[in-house]
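Residue-level structural notes
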Amino acid sequence: MAHSALKSAVLVAALACAGQAAAADQLFRKADATPLTDTVIGQPFWVLQAQCAGLFGSMSNFQTLRGKPAEAERAKTMAVGFMNDALDRLQADRGIDRKAAMAIALPQLDAGRAHGREVLGSERTDTLSAWNAERSFCLDINDAYHRRH
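So, here is what we can say about the structure in this document.

Conventions used here
Residues numbered from 1 in each chain as written. Predicted model: local features only at pLDDT ≥ 70, side-chain atom pairs only at ≥ 80, totals over all residues. Heavy atoms only, no water. Helix = DSSP H or I, 4+ residues; strand = E, 2+ residues; numbered from the N terminus. Contact = heavy atoms within 4.5 Å. Salt bridge = Lys/Arg side-chain N within 4 Å of Asp/Glu carboxyl O. Buried < 20%, exposed > 50% of the residue type's maximum accessible area, 1.4 Å probe, protein only. Phe/Tyr/Trp six-rings, centres within 6.5 Å; stacked < 30°, edge-to-face > 60°. Axes fitted to C-alpha atoms, helices over the stretch in contact; angles between N-to-C directions. Parallel < 35°, antiparallel > 145°, perpendicular 65-115°, else oblique. Left-handed = near helix turned anticlockwise from the far one by under 90°. Nonpolar A, V, L, I, M, F, W, Y, C, P; charged D, E, K, R; others polar. Disulfide = S-S within 2.5 Å.

**Brief notes about the environment of Ile141**
Tracing the chain through its elements places Ile141 in helix α5 (residues 130–148). Residues Ile141 and Leu36 lie 105 residues apart in sequence; the distance between their C-alpha atoms is 9.4 Å. Here Ile141 is in contact with Phe28, Thr37, Val40, Phe45 and Leu48, once residues within four sequence places are set aside.

**Here we look at the pattern of salt bridges**
Where charged atoms from two side chains of opposite charge approach closely, those side chains can pair. Taken as a whole and judged by the stated rule, the model has 8 salt bridges. For the salt bridge of Arg124 with Asp126, the shortest nitrogen-to-oxygen distance reads 2.7 Å. Among the residues examined, Arg124 registers a relative accessible area of 40% and is labelled partly exposed. Judged by its relative accessible area of 33%, Asp126 is partly exposed. Here the salt bridges share partners, and the residues they tie into one network are Arg29, Asp32 and Arg148.

**A word on the packing of aromatic side chains**
Per the counting criterion, the structure on display carries 4 aromatic pairs. Look at Phe28 and Phe45: their rings are 5.5 Å apart centre to centre, the planes differ by 70°, and that puts the pair in the edge-to-face class. Here Phe28, found in the loop between α1 (2–16) and α2 (45–65), pairs with Phe45, found in helix α2; they are 17 residues apart in sequence, far enough to count as distant. This pair shows no difference in class: Phe28 is buried, exactly as Phe45 is. Between Phe56 and Phe82, the aromatic rings sit 5.6 Å apart at their centres with planes inclined by 20°, giving stacked as the arrangement. On the criterion of sequence distance, the pair formed by Phe56 in helix α2 and Phe82 in helix α3 (residues 69–94) is long-range, its members being 26 residues apart. Of the two residues examined, Phe56 and Phe82, each falls in the buried class. An aromatic cluster of three or more residues is present, and its members are Phe28, Phe45 and Tyr145.

**Some remarks on the packing of α3 against helix α4 (residues 98–120)**
Here α3 crosses α4 at 125°, and the two axes come no closer than 9 Å. Considered as vectors, α3 and α4 are oriented oblique to each other. The handedness of the crossing between α3 and α4 is right-handed. Between α3 and α4, the contacting residues are Met83, Asn84, Leu87, Asp88, Leu90, Gln91 and Arg94 on the first element and Arg98, Ala101, Met102, Ile104, Ala105 and Leu109 on the second. Classifying every residue of the contact of α3 with α4 gives 8 nonpolar, 2 polar and 3 charged.

**Examining the state of the cysteines**
Scanning the entire structure with this criterion turns up 1 disulfide. In this model Cys52 forms its disulfide with Cys138; the gap between the sulfur atoms is 2.1 Å. Its S-S torsion of about -90° marks the bond between Cys52 and Cys138 as left-handed, since a negative value means left-handed. Taken together, the residues Cys52 in helix α2 and Cys138 in helix α5 connect sequence positions 86 residues apart. On the accessibility criterion, Cys52 (1% relative accessible area) is buried.

So this is what it looks like as structure tokens:
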């Protein structure tokens with residue numbers, strides 16, 4: 001069930017950013033895909049990375065509110081890593097500075113945050129939760145990106 005919710009969320013996010021890809025953007029390829037990420041083939045890496053940054057940012061807030069600072073810090077570290085990768089990718093792909101990259105990436109970061117709040121609304125983070133499916137999706141994106149770089 002979480003997997004189908006994940007695919008729906010990814011498709012909505014992919015459609016929302018369809019007009020934002022530039023010709024120079026490095027795209028997520030079929031060779032990069034896993035069963036969790038096959039719906040985002042052809043999407044810019046930076047979009048996926050920025051959305052995952054927002055997702056992990058939501059988890060950091062979630063854990064902070066529950067008095068779990070170590071877990072919050074781990075999620076924050078993941079969020080920052082995803083966002084740095086997104087900004088680096090945008091800068092390399094489009095030849096722009098960090099400020100311009102941030103302006104482009106912020107709507108995707110916000111979309112990831114909103115989606116994170118939605119999936120964490122159930123307050124479930126166990127193996128079968130929507131959060132775990134989203135987390136796994138993002139880790140697959142991260143692995144694919146770092147295999148290429």
